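Residues per chain are reported as follows:
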Amino acid sequence: THVRTLELSDEAATQRLGSALARALPHSALVFLHGDLGAGKTTLARALLRALGHEGAVKSPTYTLVEPYEIGDRRVFHFDLYRLADPEELEAIGLRDYLDGDALCLIEWPERGTGMLPSADLEIALRAAGAGRRARLWANSERGETAVAAID
Ligand code: ADP
Ligand code: MG
């Protein structure tokens with residue numbers, strides 16, 4: 001699979017990537033968001049949710065592990081596994097049901113769930129680059145490839 005690299009020179013560019021993902025991703029997909037604290041994972045997820053039509057707040061799920069959204073006929077689950085002590089905890093929060101449903105699952109800090117998470121359709125890694133950010137995107141499935149190709 002080839003890796004796409006995008007330069008995100010400011011926060012607005014991260015938000016535009018979120019909007020592009022909202023257009024490109026299918027109803028059902030698993031997306032990993034990699035990057036250090038402050039890299040822009042939540043900013044990206046928030047912009048994606050807004051672009052799908054969510055009008056309320058988008059809280060960082062740092063303490064709740066997961067925040068659910070219903071936007072029209074779409075279901076989105078936004079995870080942040082930073083505080084996960086043990087990947088086995090994912091069993092207790094009912095991860096299977098989230099992943100098996102017809103939903104878009106966005107997962108910040110997927111590394112914390114290693115061994116419990118299936119392969120993602122799409123992975124996005126954000127890192128600081130000067131005053132901005134650099135995003136690397138790669139797909140592990142056909143629907144992930146389709147989404148990456150559709151991002152403008
Ligand atoms: P994370 O969820 O990865 O910990 P957040 O999205 O909570 O990170 O915070 C990212 C911070 O970086 C925010 O202050 C946001 O305004 C800023 N930011 C996001 N994208 C960019 C960018 N492309 N260039 C500069 N700053 C950005
Ligand atoms: Mg975050």
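Details of the structure are given in the entry above.
Caption draft 1: Summary view of the packing of helix 1 (residues 11-24) against helix 2 (residues 41-52). Axis separation between helix 1 and helix 2 bottoms out at 7 Å; the angle between their running directions is 50 degrees. By the angle between their directions, the pair helix 1 and helix 2 is classed as oblique. In this structure, the crossing between helix 1 and helix 2 has a hand that is right-handed. Note on element contacts: helix 2 touches helix 1 through T43, L44, A47, L48, A51 and L52, opposite E11, T14, Q15, L17, G18, S19, L21 and A22. Of the residues assigned to the contact of helix 1 with helix 2, the class counts are eight nonpolar, five polar and one charged.

Caption draft 2: Local environment of helix 1. Helix length check: helix 1 (14 residues) gives 20 Å between terminal C-alpha atoms against 20 Å at 1.5 Å per residue, within 8%. Within helix 1 the residues assigned to the buried category are A13, T14, L17, G18, A20, L21, A22 and A24. Buried residues along helix 1 sit against strand 1 (4-8), helix 2, strand 4 (74-80), strand 6 (122-129), strand 7 (132-139) and helix 5 (142-150).

Caption draft 3: Quick peek at the coordination of the magnesium ion (ligand 2). Those protein atoms acting as donors to the magnesium ion (ligand 2) are T42 (OG1) and E108 (OE), and they sit at 2.1 to 2.2 Å. Of the two residues, T42 is situated in helix 2 and E108 in strand 5 (residues 104-108); the sequence distance between them amounts to 66 residues. For the pair formed by T42 and E108, the shared burial category is buried.

Caption draft 4: Up close: the nonpolar core. The biggest cluster of nonpolar side chains holds 33 residues, and the ones touching the most others in it are L21, L25, L104 and I124. Here this core takes six residues from helix 1, the largest share from any one element.

Caption draft 5: Structural view of the environment of E7. Position of E7 among the secondary structure elements: in strand 1. What makes E7 exposed here is its relative accessible area of 52%. Residues E7 and A92, spaced 85 residues apart in sequence, show a C-alpha to C-alpha distance of 38 Å. Leaving out residues up to four positions away in the same chain, E7 has contacts with R133 and R134. At a separation of 2.8 Å, a polar atom in the side chain of E7 contacts the side chain of R134.

Caption draft 6: Spotlight on the packing of aromatic side chains. The full count for this structure, using the stated rule, is three aromatic pairs. Relative to Y98, the ring of F79 has its centre 5.3 Å away and its plane inclined at 90 degrees; by these criteria the two rings are edge-to-face. Note that F79 is positioned in strand 4 and Y98 in helix 4 (residues 95-100), a separation of 19 residues in sequence. When the centroid spacing of 4.8 Å and the interplanar angle of 50 degrees are considered together, the rings of Y82 and W109 count as tilted. Remark: W109 occurs in the loop between strand 5 and strand 6 and Y82 occurs in the loop between strand 4 and helix 3 (89-92); sequence separation between them is 27 residues. Judged by its relative accessible area of 28%, Y82 is partly exposed.

Caption draft 7: Here's a closer look at the side chain of R74. Inspection of the secondary structure puts R74 in strand 4. The side chain of R74 sits in the buried core without any salt bridge; D73 is the nearest counter-charge, 6.1 Å away. Non-local contacts of R74, meaning those with residues more than four positions away in its chain, are made with A22, L25, P26, H27, L52, Y69 and L104.

Thresholds, definitions, all that
Residues numbered from 1 in each chain as written. Chains lettered and ligands numbered in written order. Predicted model: local features only at pLDDT ≥ 70, side-chain atom pairs only at ≥ 80, totals over all residues. Heavy atoms only, no water. Axes fitted to C-alpha atoms, helices over the stretch in contact; angles between N-to-C directions. Helix = DSSP H or I, 4+ residues; strand = E, 2+ residues; numbered from the N terminus. Parallel < 35°, antiparallel > 145°, perpendicular 65-115°, else oblique. Left-handed = near helix turned anticlockwise from the far one by under 90°. Contact = heavy atoms within 4.5 Å. Nonpolar A, V, L, I, M, F, W, Y, C, P; charged D, E, K, R; others polar. Expected span 1.5 Å × (residues − 1). Buried < 20%, exposed > 50% of the residue type's maximum accessible area, 1.4 Å probe, protein only. Donors = N, O, S within 2.8 Å, 3.2 Å for Na, K, Ca; no water. Core = buried A, V, L, I, M, F, W, Y, C linked by side-chain atoms within 4.5 Å. Polar contact = N/O pair within 3.5 Å; in protein donor to acceptor, adjacent residues only side chain to side chain. Phe/Tyr/Trp six-rings, centres within 6.5 Å; stacked < 30°, edge-to-face > 60°. Lys, Arg positive; Asp, Glu negative; His and termini not counted. Salt bridge = Lys/Arg side-chain N within 4 Å of Asp/Glu carboxyl O.

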